[in-house]
Amino acid sequence: MTEYLIALATIVGIQVLLTLGLNCQYGITGLVNFGHVAFYALGAYASALLTLAGVPFLVAMAVGVVVAVLASLLLGTATLRLGEDYFAILTLGFSEFVRLFLLNARELTRGALGIPGIPRPWRGLGGVPDHIMYLGLVLIAVGVAFALCEVLARSPLGRTLRAIRDDDQAAMALGKDVLRFRLTSLGWGAGLAAVAGSLWAHYVTYVVPDQFTPEITFYIWMAMIIGGPGSTRGALWGTALLVAVLEGTRFAKDVMPMIDEPRLAALRQVAIGLGLIVMTVYVRKLGGRSRPRVAPATVSG
Amino acid sequence: MKLDRRQFLATGLAGGATALLGGGLARAQAEALRIGVLTPLTGGGAVYGTTMSRTYTLLADEINKAGGVAGKPIQLFTEDDQTNPDAGVRGARKLVDVNRVHAIMGTWSSAVTLAVAPIAVQARIPQFCVSSSPVISTFKDDDFLYRTAYSQAVISAVYATTAQSLGFKTAALLILNNPYGIGLGDSFPDRFAKVGGKITGKVIYNPNQSSYRSEIQQALAGKPDVILFGGYTPDGIQVFKEWFQLGLGGTWMGPGFAFDQKFIQGIGAQAAEGIVVVEGAPNLGSTAYKNADKLFRAAHNQDADFFAGMAYDHLMVVSLSVLAAKGDTSGDAIKGQIRKVSNPPGKVVGTWAEAAPLIRAGEKVNYEGASSSCDFDENGDVQTDFGVYRIKSGKWALDRVIKFGDLKTS
Amino acid sequence: MIAEFVHLTVTGVLIASLLALGAVGLSLTFGVARFANVAHPDFMMLGAYTTFAFNNLIGVPFGWAALAGIVAALLVGVPVARIAYDKLPVTGTVQLLIISIGVSFILRHVVLFFFGSGLLQFAVPLQRPYVWGPVRLTPYQILTLAVAAVLVLAVHLLLSRTKLGRILRAIADNPVLCEISGADVGRARLAMWAIAVLLASTGGILFGLNLVIQPNMGWDLVIPIFSAAILGGIGNPYGAMAGALVIGLVQEWSTLLIPSVYKEAVAFCAMALCLMFRPRGLWGAA
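One numbering rule holds for all chains: residues counted from 1, following each sequence as written. Whichever chain is written first becomes A and whichever ligand is written first becomes 1, with later ones labelled in order. Local features in a predicted model are, by the rule used here, given only for residues with pLDDT of at least 70; side-chain atom pairs are given and counted only at 80 or more, and totals for whole chains, interfaces and linings are based on all residues. Only hydrogens and water are set aside when side-chain values are computed; all heavy atoms of the structure are taken into account.

Peer 1: How should the overall build of chain A be read in this particular structure?
Peer 2: Working definition: helices are DSSP H or I runs of at least four residues, strands are E runs of at least two. Numbering for both runs from the N terminus. What chain A contains, in helices and strands, is 12 helices and 2 strands. In sequence order, chain A lays out its α and β elements as α-α-α-α-α-β-α-α-α-α-β-α-α-α. In this scheme, a residue with accessible area under 20% of its type's maximum is buried, one over 50% is exposed, and one in between is partly exposed, where area comes from a 1.4 Å probe on protein chains only. Evaluated residue by residue, chain A yields a buried proportion of 61% over its 301 residues. Sequence-distant contacts in chain A: of pairs separated by 6 or more residues, those separated by 24 or more amount to 79%. Roughly 11100 Å² of accessible area belongs to chain A as shown, and the carbon and sulfur atoms make up 70% of that amount. Every residue pair with non-hydrogen atoms within 4.5 Å of one another is taken to be in contact. We get accessible surface area from the Shrake-Rupley algorithm with a probe of 1.4 Å; when it comes to residues, only the shown protein chains can shield them.

Encoded structure:
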């Protein structure tokens, strides 16, 4: 049982990093990023491919971060000025684009075959059992990320980001380069997601494009909303709660064998959907806009 | 009286708590041979996973009724891999970490097998699969990964031979973008060229596309005699339907698990007429197959097919290995006995009743399985025979059996 | 070469007609309700499954099953839309966007719970195509093109010739003024959802007829349908149809240059490029 809890804690830790990243982008800056899983995937693949080519783990992870951040800058520059809805759809499309690329660039990524046998770093160091060592690694990463995010949130940069989230027109009037700040926030979140991706890849030792679907993005959205967008601590316990509830239902099967796994999985997703709706409407910590949006094109006929 | 009631309550609470912690965990940790069944109960492989799961259960019951394996009952823990590597990995983690299984068996999709294999290797427990990707042969598994199914590299030779014997000179490939499809796409062209055939087109398609019209037209641009399909039933129905409604010619050929009853129902018996189906042929003459068939028919009123046979073989080989290791259920011990009980020389056996007394008496046996002779080579592969069928009036009609030895597999 | 080009064009037009039924409704609701309803393509899935229930589970012949399916989809889809998007107390459209994600999850997985994840087909026989040179079309495919054209024409007539159409256009232009002027905005929005669900569910039925029915059939079309609607200019149903045509054709023609596995990325790129240079869409009002 301890083994399982260790595995669970490791997964929670990795996903907390994803939530922290999204929290920075949406919770603090108000960017509706529906493509978060793309940065996760880029970090995972970069780290996997490089370590298998002999590059040291931390270097590979760093490269993954750079790749994800660059991708986010590219994406952001092209799409941030287009308004929330368009940005959301485009980021969603972007994440699917990345997945399709990973699926079809066979020579680089082995496509649908996936990359098996990804090595675990520092295996056997000091005689510590491998899974405990890995949990330790993840916890350190989470600790550092948490600290950095808290520092960011309380810093002048964080204040500016929140100001942009609440009223970008006013921020612009005060002379802030809104685009640059948004790109910073997007990049920050992308970098965290890439670290998570790298940790994921080396944990499950196998990556395949199928693992990086939009479902993951919305799972993290759910985690962030549960904990309250904008709250670093919330990102932590929101993720833990979500994973605990969802993974816990696995055991329901052992006790109640008449529920089959896919039906159970479907119910879980319905619960996520309901949760998203309920929490979005009723959790008032949302940094939403109170002023009306600019009108899109008129209806003509 | 009070004491009794308190004791009763305490036991009840403890029992409830244990149940909450995950089924029969406490019981499970006692002396038993714990087998992890990781198989697709949903998704593209659902039909096969269900068959395999049922077979494992039937055989485990039979062996337990006969006293178990060296006194240890077989305990099955089942997880649905959903024909999805991610779900497979999570299921494998639970089986290994929580249920502490001594072996994993039943993965069908190559992607799932390859994702789960590192976990089994790291836990040092044997894994038996029915996947067909050629990558599995050479996978660095420290001799923990075994398969009872054919590799795409081998069945390509069968497809080529069959195509040649049916007079097909040109072929086009329509393959799914996954380890099994890509494996077929890599192996078939060479084999076909060896028998004088020519590939006129090869199209790799992604699942979940809205339409395959252009892929199909592309593949068939060269007007091939035969269209080799490397996908699963669900996309098979979709692809075939679009092909049919384009009114293009050619004969279809593909694996049994793509052109099964569900497929035939999906497109209609009339449209399915004449499709060439190749599937692993069970080892019909063996006592193992006869027993598996008997068990399966008694419980499910159906013949035991290739997959039921393979499941039977997985559990038999592991059980016989543990018995030969005098009850030692550690992965290394089992691994050490697998070839000793399945490969020649030795007295040929096929059922628990035949084999167990011999092993206990210290004799060497050679398990001949229900799906093949189960002689594992150094990669953990076996040599299976193949059945070539044609769909007639909505059912598979056996055309001929191709024995492994007849294939020029060099 | 010409033959291949014609093949691709025919396929492109077929795909476009299916996309159009989704994109036109989306464009309408995006323009009037002012938010991106990511669950819109799932109304297509709804129509397909309700029809499947009548056709395959109850045994009703396909034609009647389709009509019953559309009615059932309206009875489910319109209330869902009304409750989720019009009745909940939200403070901004970002929340509606997130709510629509939730609606999509719920619709898809409720269907999955009851129908399973398998690919399904209507109980209709396979057809052989009519062949005119390089053009190959089955009767059902011709029906699809006809139905799509008729419905889009109907929407055009509704928007330009009826009172409801005028109100919808007015709401899209200036919702506040509309409320003040006393027009029955609530009834108009109800009608808007009904039109959207009607178009989408019909599209879903035709999709299932020609291709396949599976729980993610709508979700898988989110990018192409949004691309079509955005390309055509949000709020412009005619534009959405044209946008669908562009997306369908570009996707298929692209296979002449790049491997067909990248087809779906093409729609996304088309949309992204369009938004970068003409954010209002190709036919959107300046």
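Following the structure, the description resumes.
Peer 1: Can you help me understand the environment of R90(B) in this one?
Peer 2: Residue and element names in this part refer to chain B. On the secondary structure map, R90 appears in helix 4 (residues 85–97). R90 sits in the partly exposed class, given a relative accessible area of 30%. Note: C-alpha distance between R90 and K326 (236 residues apart in sequence) is 32 Å.

Peer 1: Looking at this structure, how should I read the packing of aromatic side chains?
Peer 2: For any pair of aromatic rings, the description rests on two quantities: the centre-to-centre distance and the angle between the ring planes. Residue and element names in this part refer to chain B. Stacked, tilted and edge-to-face pairs are distinguished by plane angle, under 30 degrees for stacked and over 60 for edge-to-face with tilted covering the rest, among Phe, Tyr and Trp rings (Trp via its six-membered ring) whose centres lie within 6.5 Å. The tally for this structure, following the rule as stated, stands at 50 aromatic pairs over all chains. Ring geometry for Y48 against F257: centres 6.3 Å apart, planes inclined by 75°, an arrangement best described as edge-to-face. One end of the pair, Y48, is in helix 3 (residues 46–65); the other, F257, is in the loop between strand 9 (251–255) and helix 11 (261–267), with 209 residues separating them in the sequence. This pair shows no difference in class: Y48 is buried, exactly as F257 is. Judged by centre distance (5.5 Å) and plane angle (65°), the rings of W243 and W252 are edge-to-face.

Peer 1: Just checking my understanding: could you explain the nonpolar core for this structure?
Peer 2: A general tendency of soluble globular proteins is for nonpolar side chains to be buried together. Ranked by internal contacts, the top residues of the largest apolar core, which has 191 residues, are L17(A), F34(A), L199(A), V207(A), F212(A), W221(A) and Y85(C). Listed in part, the 112 residues of the second largest apolar core include Y56(B), F257(B), A272(B) and A304(B). By convention a nonpolar core is built from buried Ala, Val, Leu, Ile, Met, Phe, Trp, Tyr and Cys residues, the set being connected through side-chain atoms within 4.5 Å.

Peer 1: I keep staring at the interface of chain C and chain A and nothing clicks. Help me out?
Peer 2: When the parts of a complex come together, some accessible area is lost, and that lost area is often taken as the interface size. Taken together, the contact between chain C and chain A spans 59 residues of the former and 51 residues of the latter. Throughout, the accessible surface (probe 1.4 Å) given up by two parts as they are put together, summed over both, is called the buried area. Three residues, I98(C), F105(C) and F113(C), lead the burial of chain C against chain A; their summed loss comes to 14% of the area buried on that side. Any carboxyl oxygen of Asp or Glu within 4 Å of a side-chain nitrogen of Lys or Arg constitutes a salt bridge here. Our enumeration of links across chain C and chain A arrives at 1 salt bridge. A salt bridge links E215(A) to R108(C); its shortest N-O distance comes to 3.3 Å. A 3.5 Å cut-off defines polar contacts: any pair of N or O atoms within that distance qualifies, except that in protein one atom must be a possible hydrogen donor and the other a possible acceptor, and neighbouring residues in sequence count only when both atoms are side-chain atoms. In this structure, the connection of chain C to chain A is made through 4 residue pairs in polar contact (both at pLDDT 80 or more). Mapped onto the side of chain C that touches chain A, the elements with two or more residues apiece are helix 1 (2–33), helix 4 (93–115), helix 5 (139–161), helix 6 (163–173), helix 9 (222–232) and helix 11 (263–277) of chain C. Of all the elements, helix 4 of chain C adds the most residues to the side of chain C that touches chain A, at 17 residues. By the convention adopted, Pro, Cys, Tyr, Trp, Phe, Met, Ile, Leu, Val and Ala count as nonpolar, Lys, Arg, Asp and Glu as charged, and the other residues, Gly among them, as polar. Residue classes in the side of chain C that touches chain A are distributed as 42 nonpolar, 11 polar and 6 charged.

Peer 1: What's the story with the pattern of salt bridges in this structure? I'm lost.
Peer 2: It is possible for side chains of opposite charge to pair when their charged atoms get near one another. Residue and element names in this part refer to chain B. Under the counting rule described, the total for this entry stands at 19 salt bridges over all chains. Of the charged contacts, one joins R297 and D293 as a salt bridge, the two residues approaching to 2.7 Å between their closest N and O atoms. Of this pair, R297 and D293 both sit in helix 13 (residues 287–300), 4 residues apart, which is roughly one turn of that helix. Look at D293 and you get buried, because its relative accessible area is 9%. Two residues, R297 and D303, come together in a salt bridge whose shortest N-O distance is 3.5 Å. When its relative accessible area of 42% is taken as the criterion, R297 is described as partly exposed. In this structure D303 comes out as exposed when scored by relative accessible area, which is 52%. Each member of the salt-bridge network shares a partner with another, and the members are R124, D142, D332 and K335.

Interpretation note: all reported values are geometric properties and have no functional meaning in isolation.
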